[in-house]
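# What the coordinates show
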Amino acid sequence: MIRANDNFNRLPEAYLFSEVASRIRQYKEQHPGLELIKMDIGDIKRPLFPCVTEAMRRAVDDLSRAESFYGYGPEQGYAFLREAIEEHDYHKRGIDIGSSEIFVSDGAKSDLGNLGDILDPASSVGICNPTYPAYLDDSVINGMAGKPQAGGYSNVIDIECRPEDGFIPALPAEVPDVIYLCFPNNPTGVGIDRDRLAEWVEYAHTHGALIVYDAAYQAYVREEGVVRSIYEIPGADEVAIEVNSFSKTAGFTGVRCGYTVVPRRLTGRFSSGRTVSLNTLWNRRQSTKFNGASYVSQRGAEAVYSPEGRANVKEATDAYLENAAIVKEALAGKNIPVYGGVNSPYVWARMGENSWDVFDFLLREAQVSVTPGIGFGTKGEGYVRFTGFNTRGNTLKAMERILQKL
Ligand SMILES: *Cc1c(COP(=O)(O)O)cnc(C)c1O
């Protein structure tokens, strides 16, 4: 008998993005002459940096000659990239993370899903509400979420993020074994201060919990005191895994490259009581199930850390942040409660009681598409997410249209 994984039957209905696409398609068919401005999708608009495409072109040339050909690379990633990450993302910021703790991958989404391999499937999980949907879906597929029940899952602790707290989650009374945190956050766009994250690190220490920290938007942090890496917090290397990506930093959404940090000092415990290094387990997992990210994409990622690449990151993220600021200012001018957009390309806006009604209103009245907040959790109801991933011209035009209708 071919026995399918029952956990797939337990997934929440993933209708959000297909429903957004289908409503947009329908609207376009009915109004063929109207120009739609897309502010829904979390994808980069600007092309790859010239230094990145040049590095990738050179990498392809390497592969085309016998004397410089590379076959299978190290499962952990090439030293040239791991050392560049260590230097620029950690050492230069005064953080003591070494290249043996850094594992290069084909992106953050894969790593987030794969981390379940090194954890006990009986672990309980703490998931923020609202948040990026992959944390819950991954936990359902790997069995950690447990069974669906009224209002959630048997093994999931819902961590509410409330507007009165600026969407920074409060420490849950019921302690999860694994906690997913993402800052700057998708979808709310808020970053977290060092003091607030230090409370989470202390909580994890006190209760023996693991924090899986998604830092995909760290390149957008501008404010002093807002965290880029959880390892800025002393002792975080004993309780946290950090997942990172070149997607939102350098437009690698199609190229595919990211990395995950599993510190040497981070340990877990087997049911036998024996303590084990999670770095050792992750290394074993990667060596068994992964053969490394492509040489070409790793050479491209290395170029992101060149002087030119770093200037390009600043320039591109600045441009997206400017767009987010335009959105935020326009909505705030109409007394709409708005969050994010300062250390993040996302603006989270409370524009009604029902996210889908707001979505339909903006599409119909302003020909602007956004993402309904309800797609990120029940506590996203009434909100929509705008992205700054657009041109400045289109962002200005979209907000002009929306302001006329409010
Ligand atoms: C886009 C995004 C990712 C996915 O990154 P990839 O490296 O492209 O897989 C992960 N986490 C969050 C919060 C994201 O928004």
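Attention here is on the structure that accompanies the text. Remember, it's a predicted structure, so these values are computed and weren't measured experimentally.

So, about the site of the ligand. Within the structure, the ligand sits among 14 residues, and Asp214, Tyr217, Ser245, Ser247 and Lys248 are positioned closest to it. Contact between the ligand and Lys109: an oxygen atom at 2.9 Å from a main-chain N or O atom of the residue. Residue Ser247 places a side-chain N or O atom 2.6 Å away from an oxygen atom belonging to the ligand. In isolation the ligand exposes 390 Å². Once the protein is present, 93% of that is buried.

With that settled, consider the sheet that holds strand E17 (residues 383–387). Within the open sheet, the four strands sit side by side as E13-E14-E17-E16. Their pairing is antiparallel. Of all the strands in the sheet, just strand E13 (338–340) and strand E16 (371–372) have a single pairing partner and so form its edges. As paired strands, E16 and E17 are joined by two bridges and run antiparallel to one another. Residue pairing in the sheet places Pro372 in a bridge with Val384 of E17. Against the sheet, helix H10 (residues 307–332) makes contact with E13, strand E14 (346–350) and E17, and its axis sits at roughly 160° relative to E13, the strand it touches most.

Turning our attention to the environment of Ser105. Within the element layout of this structure, Ser105 appears in strand E2 (residues 102–105). A sequence separation of 94 residues divides Ser105 from Leu11, and the C-alpha atoms of the two residues are 25 Å apart. Apart from the residues lying within four places of it in its own chain, the contact partners of Ser105 are Asp111, Cys257, Gly258, Tyr259, Phe290 and Ala293. Among the polar contacts made by the side chain of Ser105, one reaches the side chain of Asp111 at a distance of 2.9 Å.

This part takes up the packing of H10 against helix H12 (residues 392–405). To characterise two packed helices, one gives the angle between the axes of the helices and the distance between these axes. Two elements in contact, H10 and H12, have axes separated by 9 Å at closest approach and are oriented at 10°. Relative to H12, H10 is oriented roughly parallel. Contact with H10, carried on its side by Glu322, Asn323, Ile326, Val327, Ala330 and Leu331, involves Arg392, Thr395, Leu396, Met399, Ile402 and Leu403 of H12 and no other residues of that element. Partitioning the contact of H10 with H12 into residue classes produces eight nonpolar, two polar and two charged.

The next point concerns the environment of Gly393. In this structure, Gly393 sits in helix H12. Judged by its relative accessible area of 44%, Gly393 is partly exposed. Linking Gly393 and Tyr135, residues 258 residues apart in sequence, is a C-alpha distance of 34 Å.

As a further point, take unusual backbone geometry. A cis amide bond links Asn129 to the next residue, Pro130, at an omega of 5°. Looking at the secondary structure, you find Pro130 in the loop between strand E3 (125–129) and helix H5 (134–141). The peptide bond linking Phe183 to Pro184 adopts the cis configuration, its omega dihedral lying at -15°. Summarising the element assignment, Pro184 is placed in the loop between strand E7 (178–182) and helix H6 (194–207). At Phe167, a residue that is not glycine, the phi angle is positive and equals roughly 65°.

E7 sits mainly inside the fold: five of its five residues count as buried. Burial of the side chains of E7 extends over both faces: Val178, Tyr180 and Cys182 are buried on one face and Ile179 and Leu181 on the other. In this structure, E3 lies alongside E7, joined through three bridges in parallel fashion. Residue pairing in the sheet places Val125 in a bridge with Val178 of E7. Relative to strand E8 (residues 210–214), E7 runs parallel, the two sharing five bridges. Bridging across to E8, Val178 finds its partner in Leu210.

About the thresholds
- Residues numbered from 1 in each chain as written.
- Predicted model: local features only at pLDDT ≥ 70, side-chain atom pairs only at ≥ 80, totals over all residues.
- Heavy atoms only, no water.
- Near = heavy atom within 4 Å.
- Polar contact = N/O pair within 3.5 Å; in protein donor to acceptor, adjacent residues only side chain to side chain.
- Areas by Shrake-Rupley, 256 points an atom, 1.4 Å probe, with all protein chains shown as cover.
- Pairing = 2+ DSSP bridges.
- Helix = DSSP H or I, 4+ residues; strand = E, 2+ residues; numbered from the N terminus.
- Contact = heavy atoms within 4.5 Å.
- Axes fitted to C-alpha atoms, helices over the stretch in contact; angles between N-to-C directions.
- Parallel < 35°, antiparallel > 145°, perpendicular 65-115°, else oblique.
- Nonpolar A, V, L, I, M, F, W, Y, C, P; charged D, E, K, R; others polar.
- Buried < 20%, exposed > 50% of the residue type's maximum accessible area, 1.4 Å probe, protein only.

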